[in-house]
Amino acid sequence: MNVMGELLQKIKESDEFATMPHVASKVMSMVEDPDVTAAKLEKFISVDQVLTAEVLKLANSPLYAPRVPIVSLKHAISYLGLANIRSLVLMVAIRSLYGSQKEKEVMSLFWKHAAASAVVARSIALSVKEADLNAEEMFTLGLLHDFGKVVFLKFYPDRYMPLVKKVANGETDFCTVEKEEFGITHAEVGAMVLNQWGLPIDIVNAVGKHHRPPENGMEALICLTNVFCATWDYSMVDPQFEMKYLKMALDLLSIDEDKWREVTEEIKDKLKDSSELLGV
Ligand SMILES: [Fe+2]
Ligand SMILES: [Fe+2]
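Residues numbered from 1 in each chain as written. Chains lettered and ligands numbered in written order. Predicted model: local features only at pLDDT ≥ 70, side-chain atom pairs only at ≥ 80, totals over all residues. Heavy atoms only, no water.

**With respect to the domain arrangement of the protein chain**
Reports of interface size often rely on the accessible area that becomes lost once the parts have come together.
Thought 1: Structurally, the protein chain comprises domain 1 (1-16 + 102-280) and domain 2 (19-99).
Thought 2: On the domain 2 side, the residues contacting the 25 residues of domain 1 number 21 residues.
Thought 3: Both sides of the domain 1 and domain 2 interface together cover about 2,300 Å² of buried area, and 69% of this is carbon and sulfur.
Thought 4: The three residues of domain 1 that bury the most area against domain 2 are Trp-111, Trp-197 and Leu-277, which together make up 28% of that side's buried surface.
Thought 5: Linking domain 1 to domain 2 there are 0 salt bridges.
Thought 6: At the junction of domain 1 and domain 2, the tally comes to 4 residue pairs in polar contact (both at pLDDT 80 or more).
Thought 7: For the side of domain 1 that touches domain 2, the secondary structure elements donating two or more residues are helix H7 (104-127), helix H8 (135-144), helix H9 (147-155) and helix H17 (257-278).
Thought 8: In terms of residue class, the side of domain 1 that touches domain 2 is built from 16 nonpolar, 3 polar and 6 charged. (Domains from an automatic or database assignment. Contact = heavy atoms within 4.5 Å. Buried area = accessible area lost by both parts, 1.4 Å probe. Salt bridge = Lys/Arg side-chain N within 4 Å of Asp/Glu carboxyl O. Polar contact = N/O pair within 3.5 Å; in protein donor to acceptor, adjacent residues only side chain to side chain. Helix = DSSP H or I, 4+ residues; strand = E, 2+ residues; numbered from the N terminus. Nonpolar A, V, L, I, M, F, W, Y, C, P; charged D, E, K, R; others polar.)

Take a look at the structure:
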């Protein structure tokens, strides 16, 4: 069996990775349901007190900068809206998935990149209105785009750790060494898992192609997200490896250099102010 087939098998047999964390998938489907009410969502989330507390902490962070303190879940839902709450629940659920893995040190660096990417991707979408990208969908894309690395590390720790070290030394990028070792990349593995989890097909496709030349707005946005993270130390990858398609991505989203500089300054501050809370 090839590595992809073997991995798909391992994922299907895994308690943790076979499906998206229950609370996240439930909240995602609730938010898509036209009949859902804020009260129903509140009732479902509030059963989990830890989750509720985490959502409230994030809702009060500089990421959302509420004008008055958000004191309850009900308040958070009415102030931020269902789509934002879905993003926060997803973030908390995925974070616990990273936290429960071995190889703690690398997992925490992977988490730093995932959480920062979620915030960065959402912020770019909000700042570049002309691109007409859904900010919460881009949050999901940022959060999950490198999930394939987590899968490699979980199922092949002995083969994957040396690759991580090479990347951390600045010698190479993930795709190059993954292709040599496994014949496939974390982008393809991530797309396979997210497809298995039932995520929307445009997210699955953008994840699968996130290290190729960008061809649409979503692919351009995830490219810019990785450039930002590599440049500002939210990534293990040396910036030179992420810069290849920067110009293409900026052109696709009609962002000129001044605008890009302005957007990055804004995001840098937002991330710095929330870094402890996000664990980045
Ligand atoms: Fe990647
Ligand atoms: Fe990345």
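**Details of the state of the cysteines**
Thought 1: Going through the model one piece at a time under the given rule, you end up with 0 disulfides.
Thought 2: In this structure Cys-175 is not part of a disulfide, and its nearest cysteine sulfur, from Cys-223, lies 12 Å away.
Thought 3: Cys-175 sits in the buried class, given a relative accessible area of 10%.
Thought 4: Here Cys-223 is not disulfide-linked; the sulfur of Cys-229 is the nearest cysteine sulfur, at 12 Å.
Thought 5: Exposure remark for Cys-223: the relative accessible area of 7% places this residue in the buried category. (Disulfide = S-S within 2.5 Å. Buried < 20%, exposed > 50% of the residue type's maximum accessible area, 1.4 Å probe, protein only.)

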